[in-house]
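Per-entry structural report
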Amino acid sequence: MSDHHKGDGSGVETFDARSPSRRRFLKSMGASGLAAATAPAWAQIAQAGQSQAEPVEPRDDGAPAEGEQQIRLTVNGVEHTLNVTPNAVLLDVLRDRLELTGTKKGCDQGQCGACTLLVNDTAINSCLSLAVSHDGDEITTIEGLSNGDDLHPVQAAFWEHDAYQCGYCTSGQIMSAVAILNDDNIGSDDASVREAMSGNICRCGAYKNILAAVQDARGRMKGAS
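Residues numbered from 1 in each chain as written. Predicted model: local features only at pLDDT ≥ 70, side-chain atom pairs only at ≥ 80, totals over all residues. Heavy atoms only, no water.

Examining the nonpolar core
The biggest cluster of nonpolar side chains holds 25 residues, and the ones touching the most others in it are V154, F158, I174, L181, I210 and V214. Secondary-structure elements contributing two or more residues to this core are α4 (153-160), α5 (170-181) and α7 (207-224). Formed by 15 residues, the second largest nonpolar core is a distinct cluster that contains V75, L100, V119 and I139. (Core = buried A, V, L, I, M, F, W, Y, C linked by side-chain atoms within 4.5 Å. Buried < 20%, exposed > 50% of the residue type's maximum accessible area, 1.4 Å probe, protein only. Helix = DSSP H or I, 4+ residues; strand = E, 2+ residues; numbered from the N terminus.)

What follows is the structure, given as structure tokens:
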């Protein structure tokens, strides 16, 4: 029996939320998250996402073609020179050109928060932002949070508090949490956290666990500073 399934004596296998496979899922968020959150599906999603955590090589598109504009983006510490059309959306460039699929495409209207990432340490909805407006910017996606095999404190807290169900919104939730925990202007009480995270929708309703994870991560980050 694998390390992420346990028997309870009833003949029914249960899923261990702290398994290495789920840990890899939180690091990469590379699968679609559309599968039902059953034990076998979780294992498959986690294993499928493992390859997404591989380092991304610098990209250089060379001279731009007619109608394209050359931009430079530093994504998760790696500088890329890309040729994009003026209407190319940042979310699509990251997912389709750099294959960083941890940032999710949800509503495409800036209302669900699934596409949240950090630009110069500020959380934005990448589905509403044109790539050309970020020439020279530093971008952090969910794939850039962990340090090797060590999860970011927010990722670790989400894992331990089981702060996700289907997982589709999780990368956006985590990126928003990182931003608010680094913002001294946002209060540390539960009500302030809820307000600051209100732009991130969890259709599975895991808000209680998400709040617990964010507050736990606050203590972890203070302890590490």
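Following the structure, the description resumes.
A short note on the sheet that holds strand β7 (residues 138-140)
Read from one edge of the open sheet, five strands run β4-β3-β7-β5-β6, paired in mixed fashion. Both outer strands of the open sheet, β4 (78-84) and β6 (122-125), are each paired with one neighbouring strand and no more. With direction set aside, neighbouring strand axes in the sheet form an average angle of 40°. Of the strand pairs in this sheet, strand β5 (residues 116-119) and β6 are connected by four bridges, and their pairing is antiparallel. For L118, the partnering residue across the bridge sits in β6 and is A123. Its contacts with the sheet put helix α3 (residues 90-97) on β3 (69-75), β4, β5, β6 and β7, and the angle it makes with β4 is roughly 110°. (Pairing = 2+ DSSP bridges. Axes fitted to C-alpha atoms, helices over the stretch in contact; angles between N-to-C directions. Contact = heavy atoms within 4.5 Å.)

Focus on the packing of α4 against α5
The contact between α4 and α5 brings their axes to 9 Å, and the two run at 130°. Comparing the axis directions of α4 and α5 gives the class oblique. Helix-helix and strand crossings are classified by hand; for α4 and α5 the assignment is right-handed. Between α4, through V154, Q155 and F158, and α5, the contact on the second element is made entirely by T170, Q173, I174, A177, V178 and L181. (Parallel < 35°, antiparallel > 145°, perpendicular 65-115°, else oblique. Left-handed = near helix turned anticlockwise from the far one by under 90°.)

Concerning the environment of D121
You can see D121 is positioned in the loop between β5 and β6. Along the chain, D121 and E138 lie 17 residues apart, while their C-alpha atoms are 8.0 Å from each other.

Some thoughts on unusual backbone geometry
In the Ramachandran plot, N76 falls in the positive-phi region, its phi being about 55° despite a non-glycine side chain. Locating N76 in the fold gives a position in the loop between β3 and β4. Relative accessible area serves as the criterion here: at 27%, N76 is assigned to the partly exposed category.

Some thoughts on the pattern of salt bridges
Two side chains bearing opposite charge may form a pair once their charged atoms approach each other closely. In this structure the tally under the stated criterion is six salt bridges. For K105, the salt bridge identified is with D108, shortest N-O distance 3.3 Å. Note on K105: relative accessible area 31%, which makes it partly exposed. Overall, the relative accessible area of 39% leaves D108 in the partly exposed class. (Salt bridge = Lys/Arg side-chain N within 4 Å of Asp/Glu carboxyl O.)

Focus: the packing of α4 against α7
Taken N-terminus to C-terminus, the directions of α4 and α7 make an angle of 140°; their axes are 8 Å apart at the nearest point. The angle between α4 and α7 falls in the class oblique. When you trace α4 past α7, the crossing you get is right-handed. Contacts between α4 and α7 involve P153, V154, A156, A157, F158 and E160 on the former and, on the latter, I210, A213, V214, D216, A217, R220 and M221. Residue composition of the contact of α4 with α7, grouped by class: 10 nonpolar, no polar and three charged. (Nonpolar A, V, L, I, M, F, W, Y, C, P; charged D, E, K, R; others polar.)

With respect to the layout of surface pockets
A volume near 200 Å³ is recorded for the second largest pocket. Around the second largest pocket sit 13 residues that line it, and T116, A123, S176, A196 and N200 are the ones nearest its centre. Breaking the lining of the second largest pocket down by element, the ones donating at least two residues are β6 and α5. Here the residues of the lining of the second largest pocket sort into six nonpolar, six polar and one charged. Two domains share the lining of the second largest pocket, each providing at least three of its residues, namely domain 1 (69-144) and domain 2 (147-225). (1 Å grid on protein atoms, 1.4 Å probe; cavity = no way out; pocket = protein on both sides within 12 Å on 5 of 7 lines; lining within 4 Å. Points joined across faces, edges and corners; volume = space filled by probe spheres on them. Domains from an automatic or database assignment.)

A word on the pairing of β5
The two faces of β5 match: T116 and L118 on one face and L117 and V119 on the other face are all buried. Linking two consecutive strands that pair antiparallel, namely β5 and β6, is a turn of two residues; a positive phi of about 50° is found at N120 within it. Of the pairings in the sheet, the one linking β5 to β7 comprises two bridges and is antiparallel in character. Its bridge partner lying in β7, L118 is registered against T140.

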